[in-house]
Amino acid sequence: MKKIITLCLSLCMTAALAAPAYALEYSIDAPNDYDFGKDTSIEVCLRKALWERGMRYRKNYDKIPGKPDIALTKYKIAIFCDSEFFHGKDWEVLKPRLEKSNNSDYWIHKISRNMERDDEVNKQLLFMGWTVIRFWGKDILKRTDECVKVIEEAIFDNKVSYDNTIVDDYEI
């Protein structure tokens, strides 16, 4: 059976809000066609770790819903690297803080919609037989090896479930 793996390695809730690191890295002279959602530091960190272990993948795979940051097509595993702010980590803590900030309606709507879209994509991929893994950005940066272990376990689970599939013999 396929499953969604949402990994939250950090056990403590953080109340501090910080702008995502990649939002501050680019100058106003950045090309208009540059996609700020691709090749973020968290994606690159995880991809390098996977590549070092000999795992091959597709980046921003657009042939399935949600365009996962990393797709292991051989095992039908879609991996999303979610930033804490834009995907609503600790939403119960974040939402009241946003309500007090400037442009609160915009941010609350945007982050709520991102969370809804994440759920919709998870359901679509599950229906298509994919395993979905979502990591928080800080978990990737601080505990990359643990994230890779989760992916390796998912690969093993997919191999085992595939090997145990019973195929009926048909006479021709």
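The structure contained in this document is the topic of the report that follows. Along each chain, the written sequence defines residue order, and numbers are assigned to residues from 1. The predicted origin of the model limits local features to residues at a pLDDT of at least 70 and limits the giving and counting of side-chain atom pairs to 80 or more, whereas totals for whole chains, interfaces and linings rest on all residues. Side-chain metrics in this entry use all non-hydrogen atoms of the structure; hydrogen atoms and water are not considered.

What to know about unusual backbone geometry
Just so we agree on the cut-off: A helix here means a DSSP run of H or I that spans at least four residues, while a strand means a run of E at least two residues long, and both kinds are numbered starting from the N terminus. Any residue under 20% of the maximum accessible area for its type is buried, any over 50% is exposed, and the rest in between are partly exposed; the area is computed with a 1.4 Å probe on protein chains only.
Despite not being glycine, Lys67 shows a phi value in the positive range, around 45 degrees. Secondary-structure assignment places Lys67 in the loop between β2 (58-59) and β3 (70-72). With a relative accessible area of 37%, Lys67 lands in the partly exposed category. Positive phi values are uncommon outside glycine, yet Lys76 reaches one of about 55 degrees.

Regarding helix α3 (residues 91-99)
Rule in force here: By arc we mean the arc of the directions from the helix axis to the C-beta atoms, nothing more. For this analysis, residues touch if any pair of their heavy atoms sits within 4.5 Å.
For α3, every residue scored as buried is listed here: Trp91, Leu94 and Leu98. Taken around the axis of α3, the buried residues stretch over an arc of 65 degrees, which confines them to a single face. Where α3 is buried, its residues contact α4 (104-127).

Points about the packing of aromatic side chains
Which entries qualify depends on this criterion: Note on ring pairs: Phe, Tyr and Trp rings are taken, using the six-membered ring of Trp, and paired if centres are within 6.5 Å. Classes follow the plane angle, with under 30 degrees stacked, over 60 edge-to-face and the rest tilted. The criterion for a charge sitting over a ring is simple: Lys NZ or Arg CZ within 6 Å of the ring centre, and within 35 degrees of the ring normal.
Counted under the stated rule, the structure contains 6 aromatic pairs. Pairing Tyr61 with Trp130 gives two aromatic rings, centres 6.4 Å apart and planes at 40 degrees, and the pair type is tilted. Taken together, the positions of Tyr61 in the loop between β2 and β3 and Trp130 in the loop between α4 and β5 (131-136) put the pair 69 residues apart, joining distant regions of the chain. Relative to Trp107, the ring of Tyr106 lies with its centre 5.1 Å away and its plane at 80 degrees, an arrangement referred to as edge-to-face. Of the residues examined, Tyr106 reaches a relative accessible area of 41% and is grouped as partly exposed. Looking at Trp107, the relative accessible area reads 23%, which means it is partly exposed. Here a set of aromatic residues connected by ring pairs shows up, and it is made of Phe85, Phe86, Tyr106 and Trp107. Looking at Arg56, its charged tip hangs above the ring of Trp51, at a distance of 3.6 Å from the centre. Directly above the ring of Phe80 sits Arg134, whose terminal nitrogen or CZ lies 4.1 Å from the centroid.

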